[in-house]
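Spelled out from the first residue to the last, the chains are:
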Amino acid sequence: MLQTTPFLLVLFLALGAHSLSVKKCILTGTWVNDLGSNMTISQVNKTGEFTGIYYTAVSATTEKIKKSPLLGYQHLPNLLSQPTFGFTVNWIFSDATSVFTGQCFMDGNGKEILKTMWLMRSHADNLGNDWKATRVGYNNFTRL
Ligand code: BTN
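Residues numbered from 1 in each chain as written. Predicted model: local features only at pLDDT ≥ 70, side-chain atom pairs only at ≥ 80, totals over all residues. Heavy atoms only, no water.

Focus: the overall build of the protein chain
Definition in use: Every helix listed is a DSSP run of H or I at least four residues long, and every strand listed is a run of E at least two residues long, numbered separately from the N terminus. To sort residues, take the accessible area from a 1.4 Å probe on protein chains only and compare it with the maximum for the residue type: under 20% means buried, over 50% means exposed, and anything in between is partly exposed. Every accessible area reported is derived by Shrake-Rupley at a probe size of 1.4 Å, with residue values counting cover from the shown protein chains alone.
Of the regular secondary structure elements, the protein chain holds one helix and eight strands. Relative to its 144 residues, the protein chain shows a buried fraction of 28%. For the protein chain, the exposed surface amounts to about 9600 Å²; the carbon and sulfur share of it is 62%.

Set out below in structure tokens:
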């Protein structure tokens, strides 16, 4: 017991120092993606929920683009330094809905990057047009 105590103490201190030095990727803030779209994510609450505003640079419609609300979840516990997350954007200027899923990474230069994949469901006027109503793609976001 007397021999294991100093060992445990050193291990505890080493783990503590390591966790302090690991930079966490944090979702909260303003981000821009490879299409030029930007979004602002609010504080992530203690159950992992967050809200935000998405301002897309592109649209499949001819409607005037408007900032639209997003609602998401980050995977907790917060011990994870590169968490996964997902969110839905409810486009207020079109009939479409988009869902994004991804992971918040630290790159080799210590910069945060969100690697995401999305599905965008446009409105189909009838069942026969359902097959062409869902688009899929990738977006990378960096902090603005
Ligand atoms: C629409 O065109 O009906 C709504 C706007 C959709 C924008 C899409 S969502 C996936 C992709 N990533 C973006 O930043 N914008 C497009």
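There's more to say after this.
Comments concerning the side chain of asparagine 33
We count it as follows: Between two residues, a contact is recorded if the distance between any of their heavy atoms is within 4.5 Å.
Here asparagine 33 shows up in strand β1 (residues 29–33). If near-sequence neighbours (up to four positions away) are discounted, asparagine 33 is found in contact with Tyr54, Asn139, Asn140 and Phe141.

Notes on the site of the ligand
Rules: What makes a residue near a molecule or strand is one non-hydrogen atom of that residue sitting within 4 Å of it. Here a polar contact is taken to be a pair of N or O atoms separated by no more than 3.5 Å, where protein atoms must pair a possible hydrogen donor with a possible acceptor and residues adjacent in sequence count only if both atoms sit in side chains.
Near the ligand you find 18 residues, and of these Ser37, Tyr54, Ala60, Ser94 and Asn139 are the closest. Here tyrosine 54 contributes a side-chain N or O atom positioned 2.6 Å from an oxygen atom of the ligand. If you list the elements that add at least two residues to the shell around the ligand, you get β6 (97–106) and β7 (112–121).

Remarks on a nonpolar patch on the surface
Where we set the bar: By definition, no residue in a patch forms a salt bridge, and every one has over 30% relative accessible area; like charges are joined within 9 Å, nonpolar side chains (Val, Leu, Ile, Met, Phe, Trp, Tyr) within 5 Å. Salt bridge, as used here: a side-chain nitrogen of Lys or Arg that lies within 4 Å of a carboxyl oxygen of Asp or Glu.
There is a patch of nonpolar side chains on the surface, built from Val99, Met117, Leu119, Val136 and Tyr138 and spanning about 480 Å² of accessible area. When residues of the nonpolar patch are traced back to their parent elements, those giving at least two are β7 and β8 (134–143). Residue position: methionine 117 is located in strand β7. Take methionine 117: its relative accessible area is 34%, and that puts it in the partly exposed class.

Overview of the confidence of the model for the protein chain
Parts of the model with low pLDDT should not have their predicted coordinates read in detail. For the record, the criterion: As a per-residue measure, pLDDT tells how confident the predictor is, with possible values from 0 to 100.
Of all residues in the protein chain, 84% attain a pLDDT of 70 or more, and the chain-wide mean is 89. Contacts from residues 7–15, a stretch scored under 50 in pLDDT, to residues over four places away or in other chains number zero contacts.

Side note on the environment of tyrosine 55
Within the secondary structure, tyrosine 55 is located in strand β3 (residues 49–55). For tyrosine 55, a relative accessible area of 37% puts it in the partly exposed group. Sequence separation of tyrosine 55 and methionine 39 is 16 residues, and the distance between their C-alpha atoms is 5.8 Å.

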